[in-house]
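# Geometric and topological summary
Okay, here's what each chain looks like letter by letter:
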Amino acid sequence: MIIVTGGAGFIGSNFIHTWLEQTDEPIINLDKLTYAGNPENLLVFQGDKRYSLVQGDIGDRTLVTRLLTEHRPRAVVNFAAESHVDRSIHGPGEFITTNINGTFHLLESVRGFWETLTTEAKQSFRFLHVSTDEVYGTLTPDAPPFSETNPYEPNSPYAASKAASDHLVRAWHHTYGLPVLTTNCSNNYGPFHFPEKLIPLVILNALAGKPLPIYGDGQQVRDWLYVLDHARAIIRVLESGNVGDTYNIGGNQEKTNLSVVQTICSHLDALRPKTDGSSYSDQITFVKDRPGHDRRYAINASKIKRELGWEPQETFESGLKQTIKWYLDNQQWVEHVTSGDYRQWVQKQYG
Ligand code: NAD
Ligand code: TYD
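To keep things clear, this report deals only with the structure shown in the data block. (Residues numbered from 1 in each chain as written. Chains lettered and ligands numbered in written order. Predicted model: local features only at pLDDT ≥ 70, side-chain atom pairs only at ≥ 80, totals over all residues. Heavy atoms only, no water.)

The next thing to look at is the packing of aromatic side chains. Enumeration according to the criterion identifies 19 aromatic pairs in this entry. Seen in terms of ring centroids, Phe 45 and Tyr 51 are 6.1 Å apart; in terms of plane orientation they differ by 50°. Their pairing is tilted. Taken as a pair, Phe 45 and Tyr 51 share a single burial class, namely buried. Centroid distance Trp 326 to Trp 333: 5.1 Å. Interplanar angle 75°. Geometry classified as edge-to-face. Considered together, Trp 326 and Trp 333 belong to a single accessibility category, that of buried residues. One aromatic cluster in this structure is built from Tyr 136, Phe 146, Tyr 152 and Tyr 297. Against the face of Tyr 35 rests Arg 87, its NZ or CZ located 3.5 Å from the ring centre. (Phe/Tyr/Trp six-rings, centres within 6.5 Å; stacked < 30°, edge-to-face > 60°. Buried < 20%, exposed > 50% of the residue type's maximum accessible area, 1.4 Å probe, protein only. Lys NZ or Arg CZ within 6 Å of the ring centre and 35° of its normal.)

Our focus in this paragraph is the sheet that holds strand β6 (residues 180–185). Judged by pairing direction, the sheet is parallel, and its seven strands sit side by side in the order β3-β2-β1-β4-β5-β6-β11 without closing on themselves. Every interior strand has two partners, whereas the edge strands, β3 (51–55) and β11 (246–249), have only one. Neighbour to neighbour, the strand axes of the sheet diverge by 20° on average, direction disregarded. Summarising the sheet, strand β1 (residues 2–5) and strand β2 (residues 27–31) pair through four bridges and their orientation is parallel. What sits directly across from Ile 3, in β2, is Ile 28. The strands touched by helix α2 (residues 61–71) are β1, β2, β3 and β4 (75–78); relative to β2, the strand with the most contacts, the crossing angle is about 175°. Its contacts with the sheet put helix α4 (residues 93–114) on β1, β4 and β5 (126–132), and the angle it makes with β5 is roughly 165°. (Pairing = 2+ DSSP bridges. Helix = DSSP H or I, 4+ residues; strand = E, 2+ residues; numbered from the N terminus. Axes fitted to C-alpha atoms, helices over the stretch in contact; angles between N-to-C directions. Contact = heavy atoms within 4.5 Å.)

Time to look at the environment of Phe 286. If you trace the backbone, Phe 286 turns up in strand β13 (residues 284–287). Leaving out residues up to four positions away in the same chain, Phe 286 has contacts with Ile 214, Gly 216, Asp 217, Gly 218 and Leu 258.

The subject of this paragraph is the side chain of Thr 98. Along the chain, Thr 98 falls in helix α4. Take Thr 98: its relative accessible area is 9%, and that puts it in the buried class. For Thr 98, the contacting residues outside a window of four places in its chain are Ile 58, Ala 80, Ala 81, Glu 82 and Thr 103.

So, on to the packing of α4 against helix α6 (residues 157–176). It is the contact of α4 with α6, at a shortest axis distance of 8 Å, that shows an interaxial angle of 15°. By the criterion of interaxial angle, the relationship of α4 to α6 is roughly parallel. Note on packing geometry: the crossing formed by α4 with α6 is right-handed. Contacts between α4 and α6 pair Phe 95, Asn 99, Ile 100, Thr 103, Phe 104, Leu 107, Glu 108, Arg 111 and Trp 114 from the former with Tyr 158, Ser 161, Lys 162, Ala 164, Ser 165, Leu 168, Val 169, Trp 172 and Tyr 176 from the latter. In the contact of α4 with α6, the residues fall into eleven nonpolar, four polar and three charged. (Parallel < 35°, antiparallel > 145°, perpendicular 65-115°, else oblique. Left-handed = near helix turned anticlockwise from the far one by under 90°. Nonpolar A, V, L, I, M, F, W, Y, C, P; charged D, E, K, R; others polar.)

Per the stated rule, a full pass over the model turns up 16 salt bridges. The residue Glu 239 makes a salt bridge to Arg 74 at a minimum N-O spacing of 3.2 Å. Of this pair, Glu 239 sits in helix α8 (residues 227–240) while Arg 74 sits in the loop between α2 and β4, and the two are 165 residues apart along the sequence. Look at Glu 239 and you get partly exposed, because its relative accessible area is 40%. (Salt bridge = Lys/Arg side-chain N within 4 Å of Asp/Glu carboxyl O.)

Further remarks concern the site of ligand 2. In the vicinity of ligand 2, 17 residues are found, and the nearest of them are Glu 134, Arg 222, Arg 290, His 293 and Tyr 350. Between ligand 2 and Leu 198 there is a distance of 3.1 Å, counted from an oxygen atom to a backbone nitrogen or oxygen. At 2.9 Å, a backbone N or O of Pro 213 approaches a nitrogen atom of ligand 2. In the complex, the protein chains occlude 97% of the 520 Å² of accessible area that ligand 2 would expose alone. Sorting elements by how many residues they give to the shell around ligand 2 places strand β8 (residues 212–215) first, with three residues. In terms of residue class, the shell around ligand 2 is built from eight nonpolar, four polar and five charged. (Near = heavy atom within 4 Å. Polar contact = N/O pair within 3.5 Å; in protein donor to acceptor, adjacent residues only side chain to side chain. Areas by Shrake-Rupley, 256 points an atom, 1.4 Å probe, with all protein chains shown as cover.)

What follows is the structure, encoded as structure tokens:
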């Protein structure tokens, strides 16, 4: 069996769906259930013997050690993190606590367990750390995409905390021999994406007749990857990745924020035309830019393609269509997440 952390969040829950579609190997999900953790993402697995959720913190060594010694997983996949750049600007503390200290405690708990294993089990054990392309900083328009050898130049508190966690993971391999793998992925989108992030925010605001906020001039570039392609890549790395290596994962789909928002609007115009005949793009509103906003991210994913045979199955067009359809078809999920903490956040961020 394997343990994942942060599996009630966006990418973790999509990973669990992908995992349980492919195998009967059980999976335990250790999740603190912060505002971003939503057990409803995994409702279909209620009562399924292969899946269980444990509410807890990756930084709780007693709990993590107990889980490891009781269940004896062959791998731990670490998705748990504070993940929203804008929240990290308003309040970086939680990012330090979970992304840096939490990863440190998790590594120590896992190392303690790993050291008790037989030589054979030690060799086959894996700790896979899920990270981001934001650790590499920002690119100028003509610079080549980030490869695994780019220097780390994180610019936001979020990116800095993820960079620190990547360094810890690297050090636990080099110093203690822990068999680690690290993945650095570009921006994801797809089902179960919490609507504080650009794509779900724009879909839901458009349908609600609200402004579609674009930071600054909207010419910032992100390399978008459909979340299920990311989940498949993580499984490839877990099964066949070279221990100690990092793998960049990306969709090779660079888009400006403005063009992403315009594309969403034109899909919605076709799928849910407004009664007054106007376009959703009329709701686009340019707002104050994010401080320290990175201009461009892009991933060179040739290593994972060459070594592990992974490449994305979805283009931005095909993935976005599925995503919009998912949000239109899952109104109940939307209603449940757009309450409580999320409403307070919207007030704080957009006024
Ligand atoms: P998310 O915010 O949707 O989910 C994070 C999950 O971690 C939540 O379920 C939350 O409850 C849980 N969590 C937070 N703190 C915890 C703690 N201390 N202990 C246990 N659980 C805790 O994030 P996401 O978008 O699914 O991202 C998952 C991982 O992938 C993160 O490490 C993130 O840095 C990385 N990543 C995200 C993207 C992206 O586009 N979203 C891209 C590349 C990498
Ligand atoms: P986001 O989804 O927060 O991901 P990240 O900052 O990790 O790349 O944002 C994606 C891009 O969209 C980023 O350049 C910021 C921009 N953005 C807006 O223009 N308006 C918004 O309301 C949000 C949430 C993001």
